[in-house]
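A look at the structure
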Number of protein chains: 2
Amino acid sequence: MNVEIAARQLEALGNVTRLEVYRTLVRSGPDGLAVGHLQQRLGVAASTLSHHLKYLVDRGLITQERQATTLICRAEYPAMNALIGFLADECCADTRLAGAPALPAGARK
Amino acid sequence: MNVEIAARQLEALGNVTRLEVYRTLVRSGPDGLAVGHLQQRLGVAASTLSHHLKYLVDRGLITQERQATTLICRAEYPAMNALIGFLADECCADTRLAGAPALPAGARK
DNA sequence: ATGGTATTTTTATGAATGTCGAAATAGCGG
DNA sequence: CCGCTATTTCGACATTCATAAAAATACCAT
């Protein structure tokens with residue numbers, strides 16, 4: 001994980017529609033959700049949704065698998081884990097794990 | 001923390017220049033860094049930097065404090081913590097804390 | 001006040017985004 | 001093969017973004 005990749009993934013999540021899509025997929029668990037179901041649930045135009053899904057696939061945040069005519073979308077959990085890891089390690093203090101303060105300049109990497 | 005705010009903050013970090021700025025500030029610790037130092041270190045035009053800093057302040061990711069002629073910028077750690085918390089809780093499995101699998105659909109909220 | 005350094009605002013411009021309807025494609029079921 | 005459903009591609013459009021030079025502002029030191 002480097003800054004460029006992280007930025008691209010953060011950017012992908014930095015749009016309400018896409019973030020909702022992604023969140024919905026994550027919460028749907030490993031079974032994923034068909035594009036059509038996503039479309040119904042989020043109420044966005046199919047073409048817009050398709051556009052955003054491509055975006056998310058491109059950046060490795062979700063995967064798609066054909067099942068007959070429908071396309072199943074799934075969150076790519078390792079990607080999110082890596083991204084959170086980047087934010088926590090490269091950028092941030094651990095937080096929520098403990099009350100540890102931010103690491104001082106140059107303490108890592 | 002809601003989806004709109006999270007998306008705005010993620011978007012703010014979803015640009016290489018801003019992510020570098022932010023990362024630099026986080027790693028500079030609580031003392032922060034002057035705009036000028038950031039500018040020198042990152043080699044971006046002052047006006048561009050100022051633009052991005054405003055962006056980050058707007059979204060609550062950093063704060064600024066005047067000290068004589070120089071403006072000290074600091075990462076707003078709680079904001080990042082909340083954002084990571086959102087990603088972990090609302091969106092994602094915990095990861096890195098344990099090997100726990102993603103929460104199944106509807107397990108939360 | 002004057003000069004100097006630090007930072008922002010203004011202004012400009014090219015590029016990318018977000019959105020959607022309409023048309024095109026893909027692939028099953030019969 | 002045909003029709004049907006699912007999804008994508010193709011314009012089109014308005015909006016926002018990223019960048020930076022130039023001018024303006026802020027504030028200290030003298």
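All of the points below concern the structure found in this document. These figures come from a predicted structure and were not determined experimentally.

Considerations on the protein's contact with DNA strand C
Among the 23 residues in the neighbourhood of DNA strand C, the closest are listed as A:Arg18, A:His52, B:Gly36, B:Ser50 and B:Leu71. Close to the protein, within 4 Å, the atoms of DNA strand C belong to sugar or phosphate groups at a rate of 71%. Side-chain polar atom of A:Tyr55 to a phosphate oxygen of DNA strand C: 3.4 Å apart, as the coordinates give it. One nitrogen or oxygen atom from the main chain of B:Thr69 is found 3.3 Å from a sugar or linking oxygen belonging to DNA strand C. At the level of elements, α2 (16-27) and α4 (46-58) of chain A together with α3 (35-42), α4 (46-58) and β3 (70-75) of chain B are the ones that each hand at least two residues to the surface near DNA strand C. When residues of the surface near DNA strand C are assigned to their parent elements, the largest contribution, five residues, is made by α4(A).

Quick look at the packing of α3(B) against α4(B)
All names here are of chain B. Contact geometry for α3 and α4: axes closest at 10 Å, N-to-C directions at 120 degrees. Of the two possible hands of crossing, α3 and α4 adopt the one that is right-handed. On α4, the residues touching Val 35, Leu 38 and Gln 39 of α3 are Ala 46, Leu 49 and Leu 53. Class assignment of the residues belonging to the contact of α3 with α4 gives a composition of five nonpolar, one polar and no charged.

What about the packing of α2(A) against α4(A)?
All names here are of chain A. Where α2 contacts α4, the two axes come as close as 10 Å, and the packing angle between them is 70 degrees. In terms of their interaxial angle, α2 and α4 are classed as roughly perpendicular. Between α2 and α4, the residues in contact are Thr 17, Arg 18 and Val 21 and Leu 49, His 52, Leu 53, Tyr 55 and Leu 56, respectively. Residue composition of the contact of α2 with α4, by class: five nonpolar, two polar and one charged.

Focus: the environment of B:Ile62
All names here are of chain B. Along the polypeptide, Ile 62 turns up in strand β2 (residues 62-67). For the pair Ile 62 and Gly 32, spaced 30 residues apart in the sequence, the C-alpha separation amounts to 9.7 Å. Ile 62 has contacts with Tyr 22, Leu 25, Leu 53, Leu 56, Val 57, Arg 74, Ala 75 and Glu 76, leaving out every residue within four places of it along the chain.

A closer look at the protein's contact with DNA strand D
What surrounds DNA strand D is a group of 23 residues, the closest being A:Gly36, A:Ser50, A:Leu71, B:Arg18 and B:His52. The protein-proximal atoms of DNA strand D, defined as those within 4 Å of the protein, are 70% sugar or phosphate. Take A:Val35: an N or O atom from its main chain is 3.5 Å from a phosphate oxygen of DNA strand D. Contacts to DNA strand D include B:Tyr55, whose side-chain N or O atom sits 3.2 Å from a phosphate oxygen. Of the residues forming the surface near DNA strand D, the biggest block, five residues, is contributed by α4(B). Among the residues making up the surface near DNA strand D, the classes are represented as seven nonpolar, twelve polar and four charged.

Reading guide: rules and limits
Residues numbered from 1 in each chain as written. Chains lettered and ligands numbered in written order. Predicted model: local features only at pLDDT ≥ 70, side-chain atom pairs only at ≥ 80, totals over all residues. Heavy atoms only, no water. Near = heavy atom within 4 Å. Polar contact = N/O pair within 3.5 Å; in protein donor to acceptor, adjacent residues only side chain to side chain. Helix = DSSP H or I, 4+ residues; strand = E, 2+ residues; numbered from the N terminus. Axes fitted to C-alpha atoms, helices over the stretch in contact; angles between N-to-C directions. Left-handed = near helix turned anticlockwise from the far one by under 90°. Contact = heavy atoms within 4.5 Å. Nonpolar A, V, L, I, M, F, W, Y, C, P; charged D, E, K, R; others polar. Parallel < 35°, antiparallel > 145°, perpendicular 65-115°, else oblique.

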